[in-house]
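If you want the building blocks of each chain, they are given just below.
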Amino acid sequence: MLNIAILGSGKGSNAQAILDAIAAHTLDANIVCVLSDVADAFILARARQHGIPALHVDCAPFKTKLDGAAEQRVIEILRQHGAEVLVLAGFMRLIKGGLLAAYAGRIINIHPALLPAFPGLEAWKQALDYGAKVAGCTVHFVDAGTDTGPIIVQRAVPVLDGDTPATLHARIQEQEYEAYPAALRLIAQQKLRLAGRRVLTG
Ligand code: GAR
């Protein structure tokens, strides 16, 4: 069984999808703790509802990254709880060298675009503004960049006439809820191999 920790800043619907997959026995994993940089993030409330240790980590004075004392605290908590893999689910800060070294090759992220297109904030809106005909989501290993690193799973979502940022994001999120458990299943089953920047499965 794979011991995972989840780190998020928002409502935690991806965390919920992972919880649901575990409850449905389609993912052989255990969520050892949920962490957030936002004290009142709903992701923490969800975790508590499920009896999972849920902790706020104050990331001040930094606004856009996890660094310094907060980074050390996260590493300490992950180790205390026996986390093998760190799952970023809507975590809106950059991960820096200390955590990347401590969990090398064991941090994954989900992004609401077909990377490497549209990294950064509100990727679904970027896709719409650009006139993309196909959007989607990506689960990838995390490196030092913003939404970069070898890709594990992608799901495509057509952009429809009349889509608004909200309708497109909602359809992308439906795919996220399948893509994240699928990626974690591959990791739990150790069916991944890294070949340069690529992830080979099977
Ligand atoms: C998700 O759509 C995820 O792809 C996005 O934040 C949302 C979190 O939703 N992440 C990024 O944009 C990372 N660059 P959730 O809190 O309901 O899971």
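From a predicted model like this one, the values you see are computed outputs, not experimental measurements.

**A few points about the site of the ligand**
Part 1 of the argument: The local shell around the ligand holds 14 residues, among which Gly-12, Ser-13, Asn-14, Gln-173 and Glu-176 are the closest.
Part 2 of the argument: Lys-11 places a side-chain nitrogen or oxygen 3.3 Å from an oxygen atom of the ligand.
Part 3 of the argument: Within the contact set of the ligand, an oxygen atom lies 2.4 Å away from a side-chain nitrogen or oxygen of Glu-176.
Part 4 of the argument: Within the complex, 92% of the 450 Å² of free accessible area of the ligand lies under protein.
Part 5 of the argument: Most atoms of the ligand, that is more than half of them, are within 2 Å of grid points of the largest pocket.
Part 6 of the argument: Of all the secondary structure elements, the ones that give two or more residues to the shell around the ligand are α1 (13-23), β7 (107-111) and α6 (165-188).
Part 7 of the argument: Element by element, the count of residues in the shell around the ligand is highest for α6, at three residues.

**Comments concerning empty space enclosed by the protein**
Part 1 of the argument: All told, the structure shown has one cavity of 30 Å³ or more when counted by the stated rule.
Part 2 of the argument: The calculated volume of the largest cavity comes to roughly 30 Å³.
Part 3 of the argument: What lines the largest cavity is simply Ala-15, Leu-19, Ile-31, Val-34, Ile-43, Arg-46, Ala-47 and Ile-52.
Part 4 of the argument: Elements supplying a minimum of two residues to the lining of the largest cavity: α1, β2 (29-36) and α2 (42-49).

Rules and cut-offs
Residues numbered from 1 in each chain as written. Predicted model: local features only at pLDDT ≥ 70, side-chain atom pairs only at ≥ 80, totals over all residues. Heavy atoms only, no water. Near = heavy atom within 4 Å. Polar contact = N/O pair within 3.5 Å; in protein donor to acceptor, adjacent residues only side chain to side chain. Areas by Shrake-Rupley, 256 points an atom, 1.4 Å probe, with all protein chains shown as cover. 1 Å grid on protein atoms, 1.4 Å probe; cavity = no way out; pocket = protein on both sides within 12 Å on 5 of 7 lines; lining within 4 Å. Sits in = over half its atoms within 2 Å of the grid points. Helix = DSSP H or I, 4+ residues; strand = E, 2+ residues; numbered from the N terminus. Points joined across faces, edges and corners; volume = space filled by probe spheres on them.

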